[in-house]
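In case you want the letters, here they are:
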Amino acid sequence: MATRLRATATAIAVFSYGAHASLRDPSVSANDRSGAPAADAIQRKISDPCAVVPPRAVQESALFGVSPVNPLDLLVVGGGATGCGVALDAATRGLRVGLVERDDFSSGTSSRSTKLIHGGVRYLEKAIFNLDYGQLKLVFHALEERKQVIENAPHLCHPLPCMTPCFKWFEVAYYWTGLKLYDLVAGRHLLHLSRYYSAQESVELFPTLARKGKDRTLKGAVVYYDGQMDDSRLNVALACTAALAGAAVLNHAEVLSFLKDDVSERIIGARIRDTLTGKEFDTYAKVVVNAAGPFCDSVRKMADKDAKPMISPSSGVHIVLPDYYSPQGMGLIVPKTKDGRVVFMLPWLGRTVAGTTDSNTTITMLPEPNEDEIEFILDAISDYLKIKVRRVDVLSAWSGIRPLAMDPRAKNTESISRDHIVFEGYPGLVTVTGGKWTTFRSMAEDAVDAAIKSGKLSPTNKCVTYNLHLIGGDGWDPAHFAVLAQRYVRTKKSYWGKVVPEAMNTATAKHLSRAYGTLADRVAAIAQNESLGRRLAHGYPYLEAEVAYCARNEYCESAVDFIARRSRLAFLDTDAAGRALPHVIQILASEHKWDRSRQKQELRKAKEFLGTFKSSQNAEFHDGKHK
């Protein structure tokens, strides 16, 4: 064991030095990356307390109003993390940008993640033992981006300690060495130092952790730090920040076909349909950026029906359990499962999220987890806990599709990349895919660079998103919730129509501050002044005021938009989301002037959506193992 660890340490030293030396172009200084003074002007515009995002009708008019002689610079297809990141990057470079998303911002993979902003510990392990410099460079890059995501959206992201239990002394040495390497590679982008805890200290930090089981005894645990986020709210913040920066972003708008130049066959725009109204129109752009995630192949085939598939879809399933499965502020990592994957069990928004799986799947708009995948996760965590792990405790379960990509330009088509790929497979169509949430910003930067080259565009400044705070993040402080609790009350109407004031309690104030950042005061003001202070679901801090605010300021156009992406109720507790639906629809109907027919349609669609989240109420108990 000592020999192996010494060899690993030697490889670490050589590998780390080489990566530190060559990861970044030395000619690019920190000042260059800040983009000042352009970045300062853009930040002031985004952080202006009086700034409001343009209404959806204005955004649609902006897309409808362009012509072949006065086109957009960029039209982005796809409103996930990468697509909204591209729109923000391009808009802040002074380019004319439009974005269309056929469903809602973050409606696909970007809302169905593990909620971690991570550098990739597993990639580091492969880099060392396979002497794979490419994997190590990927880790360096992800760790740098991890720190920036947390700093740019501090209200939506935070460091999270994660515990790796060790049942052999070799495991203690192995994981301690590996995670110290993780600290070393992070360098100045380190969140907090990792450390070893004894068995007694470990169970004090994580009370449900088992000390004994299956002929093994806990020797201790190594705790390291990664980042955690509210993924879809971060995605919505990207979309709204891009809108404030000047991009015309439009959700529920589908690309039907591409427009091509009659002579050169270059793509010059797209035919778009507003799925809410059925209205169709043409939008022209010098370059189209395909950021459709798992669906990027179908977008590519619109341009070239003979385009070879480059996406290898993989299913990642997660489940949500009650808060007592994990303590607040400490995650647990199961380092090795039956299929060789790492399974996480993490505190998230007052509950516990566990996952994930990795299996081949087909691409669909609403992927569903199956019982075998749910049972796999329950089995994986049950071996490490001293409480009974029950299927009936599953509050929600969902599946996301990872767009693992193969570079169509590569000679070896057998390898699937965990890094992102940017290429122009058809004149005027730049595709960006692969990668992960952590590196969305740099993926967007690379895609915009490629689009500028493709369209011979003329940006007014370089990329400034590296240090750009998202909407609600500039000036936010962790103590902001206390100001909300002192400054506001939440008034609500009783069932008899009487207005009743209540305190803005700590749980509600913390939720509002974390979800909306410095803009939480606007939500609290609605709760106080418009008698929209009732909670939408028992046991959860979501308020009626949030529905109204999101309809007015965050392009929330449907009931599913709210219960799944503006709030996280569908992901946290599917049954609670179902009970809140009628009230959510009632408020949205008032905001958007829906008739009874539209309200019934919204209820039906939302119930169909929630049916794909396999809570204990709609589980299929076929083996009885975790009853």
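By the naming in an unreviewed UniProt entry, the protein chain goes by Glycerol-3-phosphate dehydrogenase and is assigned to Rhododendron simsii. Quoted verbatim from the Sequence similarities (unreviewed entry) heading of the UniProt record, the comment on the protein chain is "Belongs to the FAD-dependent glycerol-3-phosphate dehydrogenase family."

Further remarks concern the overall build of the protein chain. Secondary structure assignment for the protein chain yields 21 helices and 20 strands. Relative to the 2.2 N^0.38 estimate, which gives 25 Å for 627 residues, the radius of gyration of the protein chain is 24 Å and therefore close to what a compact globule would have. Structurally, the protein chain occupies a C-alpha span of about 70 × 70 × 50 Å along its principal axes. Across the 627 residues in the protein chain, those meeting the buried criterion constitute 59%. For the protein chain, long-range pairs separated by at least 24 residues make up 74% of all intrachain contacts whose partners lie at least 6 apart in sequence. Total accessible area computed for the protein chain in this model is approximately 25,800 Å², and 54% of it derives from carbon and sulfur atoms.

Moving on: the domain arrangement of the protein chain. In terms of domain boundaries, the protein chain breaks down into domain 1 (38–109 + 233–310 + 433–467), domain 2 (116–228 + 312–404) and domain 3 (479–612). Relative to domain 3, the C-alpha centre of domain 2 lies at a distance of 31 Å. With 17 residues of domain 2 at the interface, the matching set in domain 3 holds 17 residues. A combined buried area of about 1,300 Å² lies between domain 2 and domain 3, and 56% of that area is made up of carbon and sulfur atoms. Run the count over domain 2 and domain 3 and you get 0 salt bridges. For the side of domain 2 that touches domain 3, the secondary-structure elements that each account for two or more residues are β4 (157–166) and β16 (396–405). For the side of domain 2 that touches domain 3, the element with the highest residue contribution is β16, accounting for 3 residues.

What follows covers the packing of aromatic side chains. A full pass over the atoms with the stated rule returns 12 aromatic pairs. Measuring from ring centre to ring centre gives 5.8 Å for Phe64 and Phe281, while their planes differ by 80°; the resulting arrangement is edge-to-face. Residue Phe64 is found in helix α4 (residues 56–64), and its partner Phe281 is found in strand β10 (residues 280–290); the two are separated by 217 residues along the sequence. What makes Phe281 buried here is its relative accessible area of 1%. Plain terms: the ring middles of Trp398 and Phe571 are 4.9 Å apart, the flat faces sit at 75° to each other, and that makes the pair edge-to-face. Here Phe571 lies in helix α19 (residues 569–572) and Trp398 lies in strand β16, a separation of 173 residues in the sequence. The exposure class assigned to Trp398 is buried, which follows from its relative accessible area of 0%. Under the relative-accessibility criterion, Phe571 is labelled buried at 1%. The structure contains a cluster of three or more aromatic residues connected by ring pairs, namely Trp398, Phe571, Phe609 and Phe613. When the ring centre of Tyr516 is taken as reference, the NZ or CZ atom of Arg233 above it lies at 4.3 Å. When the ring centre of Phe571 is taken as reference, the NZ or CZ atom of Arg568 above it lies at 4.6 Å.

Looking now at the pattern of salt bridges. If the charged atoms of two oppositely charged side chains come close together, the side chains can form a pair. Taken as a whole and assessed by the stated rule, the structure comprises 32 salt bridges. A salt bridge links Arg552 to Glu591, with the nearest nitrogen and oxygen atoms 2.9 Å apart. In this pair, Arg552 is assigned in helix α17 (residues 544–553) and Glu591 in helix α20 (residues 574–592), connecting sequence segments 39 residues apart. By relative accessible area, Glu591 is classed as partly exposed at 24%.

As a further point, take unusual backbone geometry. The general pattern is negative phi for most residues beyond glycine and trans for most peptide bonds. Going from Gly355 to Thr356, the amide bond is cis rather than trans, its omega being 25°. Here Thr356 lies in the loop between β14 (351–355) and β15 (359–360).

Inspection of the secondary structure assignment puts Arg216 in the loop between α9 (199–205) and β6 (220–229). Beyond its immediate sequence surroundings of up to four residues, Arg216 is in contact with Phe167, Arg211, Asp383 and Tyr384. At 2.8 Å, the side chain of Arg216 and the backbone oxygen of Asp383 are in polar contact.

Bringing the packing of helix α15 (residues 506–516) against α17 into the picture now. One can describe the packing of α15 onto α17 by two numbers: an axis separation of 12 Å at closest approach and a directional angle of 15°. Classified by the angle between their axes, α15 and α17 sit roughly parallel to one another. Handedness of the crossing formed by α15 with α17: right-handed. For the pair formed by α15 and α17, the contact residues are His511, Leu512 and Tyr516 on the first element and Glu546, Tyr549 and Cys550 on the second. Taken together, the residues that form the contact of α15 with α17 break down as 4 nonpolar, 1 polar and 1 charged.

Another point: the nonpolar core. If you look at the biggest cluster of nonpolar residues, it comprises 139 residues, and the most contacted ones within it are Leu74, Val97, Cys157, Leu234, Leu512 and Tyr516. Not counting chain neighbours up to four residues away, the residues in contact with Tyr516 comprise His155, Arg233, Gly472, Val523, Glu546, Tyr549, Cys550 and Glu554. In terms of nonpolar packing, the next biggest core, distinct from the first, is built from 31 residues, Met163, Phe167, Tyr197 and Ile381 among them.

This brings us to the UniProt feature "domain: Alpha-glycerophosphate oxidase C-terminal" (unreviewed entry) in the protein chain. This chain's UniProt record puts "domain: Alpha-glycerophosphate oxidase C-terminal" (unreviewed entry) on residues 463–598. Secondary structure across residues 463–598 divides into 54% helix and 7% strand, with the first and last C-alpha atoms of the span separated by 42 Å.

Among the 7 residues of strand β17 (residues 420–426), 5 are classified as buried, and the element is accordingly described as predominantly covered. Connecting the antiparallel pair β17 and strand β18 (residues 429–434) is a turn made up of 2 residues, with Gly428 showing a positive phi of about 90°.

As a further point, take the packing of helix α5 (residues 81–92) against helix α13 (residues 440–455). Angle between the axes and distance between the axes are the two parameters that describe a pair of packed helices. Between α5 and α13, the least distance of the axes is 8 Å, while the angle of their chain directions is 60°. Classed by the angle they form, the pair α5 and α13 counts as oblique. In the packing of α5 onto α13, the handedness of the crossing is right-handed. In contact with Ala81, Thr82, Gly85, Val86, Asp89 and Ala90 of α5, α13 contributes Phe440, Met443, Ala444, Glu445, Ala447 and Val448. The residue inventory of the contact of α5 with α13, partitioned by class, reads 8 nonpolar, 2 polar and 2 charged.

This part is about the side chain of Arg568. Take Arg568: it is sitting in the loop between α18 (559–566) and α19. Side-chain polar atoms of Arg568 contact the backbone oxygen of Ser111, separated by 3.2 Å. Once residues lying within four places of it in the same chain are set aside, the contact partners of Arg568 are Ser111, Lys115, Asp230, Asp231, Ser232, Trp348, Leu349, Tyr542 and Ile563.

A few words now on the state of the cysteines. Using the criterion set out here, one finds 0 disulfides in the structure. Looking at the unpaired Cys84, the closest cysteine sulfur is the one in Cys240, lying at 8.8 Å. Residue class for Cys84 comes out buried when judged on its relative accessible area of 1%. Cysteine Cys556 remains unbridged, with the sulfur of Cys550 as its closest cysteine sulfur at 5.7 Å. Residue classification places Cys556 among the buried positions, given a relative accessible area of 0%.

Scoring rules and cut-offs
Residues numbered from 1 in each chain as written. Predicted model: local features only at pLDDT ≥ 70, side-chain atom pairs only at ≥ 80, totals over all residues. Heavy atoms only, no water. UniProt positions renumbered as here; feature names shortened; annotations may be inferred. Helix = DSSP H or I, 4+ residues; strand = E, 2+ residues; numbered from the N terminus. Rg over C-alpha atoms; globule rule 2.2 N^0.38 Å. Buried < 20%, exposed > 50% of the residue type's maximum accessible area, 1.4 Å probe, protein only. Contact = heavy atoms within 4.5 Å. Areas by Shrake-Rupley, 256 points an atom, 1.4 Å probe, with all protein chains shown as cover. Domains from an automatic or database assignment. Buried area = accessible area lost by both parts, 1.4 Å probe. Salt bridge = Lys/Arg side-chain N within 4 Å of Asp/Glu carboxyl O. Phe/Tyr/Trp six-rings, centres within 6.5 Å; stacked < 30°, edge-to-face > 60°. Lys NZ or Arg CZ within 6 Å of the ring centre and 35° of its normal. Polar contact = N/O pair within 3.5 Å; in protein donor to acceptor, adjacent residues only side chain to side chain. Axes fitted to C-alpha atoms, helices over the stretch in contact; angles between N-to-C directions. Parallel < 35°, antiparallel > 145°, perpendicular 65-115°, else oblique. Left-handed = near helix turned anticlockwise from the far one by under 90°. Nonpolar A, V, L, I, M, F, W, Y, C, P; charged D, E, K, R; others polar. Core = buried A, V, L, I, M, F, W, Y, C linked by side-chain atoms within 4.5 Å. Pairing = 2+ DSSP bridges. Disulfide = S-S within 2.5 Å.

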